[in-house]
Each structure stands twice: as structure tokens, then as C-alpha cells.
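For reference, the chains in residue letters:
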Amino acid sequence: MWSERDGRAAITSRERYGRFAVRDNRHKYRRTATWLTVVVLLSGCGGSDSGGTPAPKVAPAPTINSVIDIGGYGLFLHCEGAGRPTVVFENGLGQTEIDWAAVRITLGSKYRACSYDRAGAGLSQPNPSGKSSAAQAADDLAKLLTAAKEQPPFLLVGWSYGGMVARVYSGQSPEQVAGLVLVDSSSEHQGDDGEQLLDGATVVDWPATVKQTSDSGALGELPLIVLTAAHHEGAPAGFQKKWMGWQTELAALSTNSLHVVATQSDHPILFQQPDIVAQAITDVAASIDAGQPIEACGDRYAALSGRCP
């Protein structure tokens, strides 16, 4: 188990592979990240075929980089870029939105992209109860996106515990969610060893989260890509096979899915292979835009050190 110490995840000698298998080993994998604010001005250049009339200018969507009140407490939100669908990132347990920096930079300015800190983590304020669950986190996110006037459709990208929150959000608001990317996502199959689970300063109700995630149900034909780490450093014998089985079940939640193994990654794929996460987002967005199934694995994932089981 990855224990929470001093606001960050650290490996302990008592580590057990229960609820979250490998927690987000920030002291080893996190890289110093500086946000690159990219302002994309879409303006006409040149003339049209019908006589040189300049193309109309398109105003860029506003950049958001602030704490937004959602009703009694505020959550930090970072949104920039333009385009549809809007990509919304869900962090790992106790992690912060800055962890998506490498993925966002790799993705570039193709889409509107939003990342945020859940209540009690990062720059966000704790909720009054100091407790939460996947459903509470999903409800907070819905309020945050509404308060920020961010418009669906949303493409949710969830890492680790964030994958469970993304699934619950999709179950609560299916009309808003156009696609999912699950990045070595936790699942309802992971056990409860009795250890208090912290998301920053917030206590997570794990039994409730398991039930909420399970109740979120199948995804129909929703475009879905499941990214799985090829190994988990320090895991006990047999763990990787069990984890892969859970990941295969996640991919089976949708009839329009692709399962990709990141062959050069441990649990934090977003740090170690951000390009493969960006590719998965691009593929799901393409499926949404075309109304067609996700393109088969092909050579593009092999070129990124990925393989499809």
C-alpha cells in the first residue's frame, strides 16, 4: 500500500497491494513542471476562393487559473485552449492537477483542456465534512465545470483513483460525457485493508466508492481507451496478472474500446509515457468527432512503446 505522508505519496516497508496497488510515487516519478500557457489565436489569413474575403476571426476561449467557489468551498481549476471535446483530467489519489503538465504539453492546443484539484488537495479548499467518495468528487466536478461555464461534451481522462471518479461522473451525467481514457485506473475489485485513505486532507469513504463505481455500470458504445502499465515495481508475485485481468474488465465496459499496454511504464504512465496518453486522447476524440469506432491499435502505439493485448 502506498501511504500518505506529509501531503505526498511515499513508499513504506509495509506496502501492500490492496486498494490502489501502487500509489503515486511522487518523490521518484514527479518531474518539475512549469505550465506553458499557450494562447492560440485563430485568425483568417489570405482570401477565400470567392473573392478574397478574410475568414472571420475566432476568439480564443478564456484561460482559467483560479480557485472557483462551488458552494461553500473552492476548487482550483486550470483550463486553456479551444476545441471540442473539452478534455477533463482526473488526478490520482492525493495528487494535483500539475501532474498532467507533460501530457498537456504533448497534446498541444488541439482541444480545450481542464485539470483541477479535488477538495482538500493541492490549492483547493477542503469541504466542510472533510470526507468524500467518488460520487462526491464527481458531484464537485460537475458543480465546478458549471460554475466555470465549461461546456460539454467532455472527454474524461482518469489516472488511478481518478479513473473511478471519471466512471462515476459518466454514470451520473452520461449526456455530458462523450468519451473516456482510463490511465492504469483503479477498480472496484481492489480490496480494503482497513487503512484510512486520504485524498490530500480529505478522508475517502472506500466502501462507498467501491459501490458507486460498480453501480456506474457499463458504458455501451462510449469511446473508451484503457492504458495499462506493463509493470508495477515492487509488486508481489502474481500481482501483475491480477491487475491485467482487472484492466481487461475495464476495457470490456464499452463495445467501442481499445486496451493498450504502456510497455515502458510503471503506474505513473502520465509521467513516463505522456505521449501514449496524448495519443489515446487524440484517438478517443477522433472517434467522437467521426461517430466511428476507435481505430485499431496499428503501428502508432507500437511506435510509442505500446502494445495491444
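Higher on the page you've got the structure.
All values derive from a computational prediction rather than experimental measurement. (Residues numbered from 1 in each chain as written. Predicted model: local features only at pLDDT ≥ 70, side-chain atom pairs only at ≥ 80, totals over all residues. Heavy atoms only, no water.)

Chemist: Would you mind going over the state of the cysteines with me for this structure?
Modeler: By definition, a disulfide links the sulfur atoms of two cysteine residues through a covalent bond. This structure, assessed with the given rule, holds two disulfides. At a sulfur-sulfur separation of 2.1 Å, the disulfide partner of C79 is C114. Sign of the S-S torsion, about 120 degrees for the bond between C79 and C114, identifies this disulfide as right-handed. Here C79, found in strand β4 (residues 74–80), pairs with C114, found in strand β6 (residues 113–116); they are 35 residues apart in sequence, far enough to count as distant. C114 shares its class with C79; the two are buried. Across the protein, the disulfide pattern expressed with sequentially numbered bonded cysteines is 1-2, 3-4. (Disulfide = S-S within 2.5 Å. Helix = DSSP H or I, 4+ residues; strand = E, 2+ residues; numbered from the N terminus. Buried < 20%, exposed > 50% of the residue type's maximum accessible area, 1.4 Å probe, protein only.)

Chemist: I'm lost on the pairing of β4 in this one. Help?
Modeler: When you tally the buried positions in β4, you get seven out of seven residues, the bulk of the element. Covered by surrounding structure in β4 are G74, F76, H78 and E80 together with L75, L77 and C79, the residues of both alternating faces. Bridge count between strand β3 (residues 64–69) and β4: six bridges; the pairing is antiparallel. Each bridged residue has a counterpart across the sheet, and for I68 the counterpart in β4 is L75. The hairpin formed by β3 and β4 contains four residues between the paired strands, and G71 there has a positive phi angle of roughly 115 degrees. Bridging between β4 and β6 involves four bridges; their strand directions are antiparallel. Across the sheet, the residue bridging to E80 is A113, located in β6. (Pairing = 2+ DSSP bridges.)

Chemist: Help me understand the side chain of T209, please; the structure alone is not making it clear to me.
Modeler: Looking at where T209 falls in the secondary structure, it is placed in helix α5 (residues 206–215). Polar contacts involving the side chain of T209 include one to the main-chain amide nitrogen of A134, which spans 3.1 Å. Among all residues touching T209, those that are not within four sequence positions of it are S133, A134, Y161, M164 and V204. (Polar contact = N/O pair within 3.5 Å; in protein donor to acceptor, adjacent residues only side chain to side chain. Contact = heavy atoms within 4.5 Å.)

Chemist: Would you explain helix α3 (residues 134–147) in this entry?
Modeler: Quick reminder: α-helices carry 3.6 residues per turn. Residues three or four places apart thus point the same way. Its 14 residues place the ends of α3 20 Å apart at the C-alpha level, agreeing with the 20 Å of an ideal helix rising 1.5 Å per residue. All buried positions along α3 are accounted for by A134, A135, A137, A138, D140, L141, A142, L144 and L145. Remark: K149 follows α3 within two positions and exhibits a positive phi of approximately 65 degrees. (Expected span 1.5 Å × (residues − 1).)

Chemist: What should I look at first to understand empty space enclosed by the protein in this one?
Modeler: Space left empty within the atom packing is revealed by a probe, the size of a water molecule, rolled over the atoms. Under the defined criterion, the tally for this structure stands at one cavity of 30 Å³ or more. If you add up the space inside the largest cavity, you get close to 50 Å³. Taken together, R118, A119, N127, S132, A137, D140, D199 and T202 make up the lining of the largest cavity. Class assignment of the residues belonging to the lining of the largest cavity gives a composition of two nonpolar, three polar and three charged. (1 Å grid on protein atoms, 1.4 Å probe; cavity = no way out; pocket = protein on both sides within 12 Å on 5 of 7 lines; lining within 4 Å. Points joined across faces, edges and corners; volume = space filled by probe spheres on them. Nonpolar A, V, L, I, M, F, W, Y, C, P; charged D, E, K, R; others polar.)

Chemist: How should I be thinking about the sheet that holds strand β10 (residues 198–199) in this particular structure?
Modeler: Where strands meet in a sheet, backbone hydrogen bonds hold them as pairs that are either parallel or antiparallel. Across the sheet, which stays open at both edges, the three strands sit in the order β7-β11-β10 with mixed pairing between neighbours. The open sheet has two edge strands, β7 (131–132) and β10, and neither has a second partner.

Chemist: How should I be thinking about the side chain of E80 in this particular structure?
Modeler: Mapped onto the fold, E80 is located in strand β4. Residue class for E80 comes out buried when judged on its relative accessible area of 9%. Separated by 3.0 Å, the side chains of E80 and H78 make a polar contact.

Chemist: It is not clear to me how helix α8 (residues 274–290) should be interpreted in this structure. Could you clarify?
Modeler: In this model, α8 (17 residues) spans 24 Å end to end at C-alpha, consistent with the 24 Å of a helix rising 1.5 Å per residue. Note on α8: the residue one or two positions beyond its end, G291, has a positive phi of about 65 degrees.

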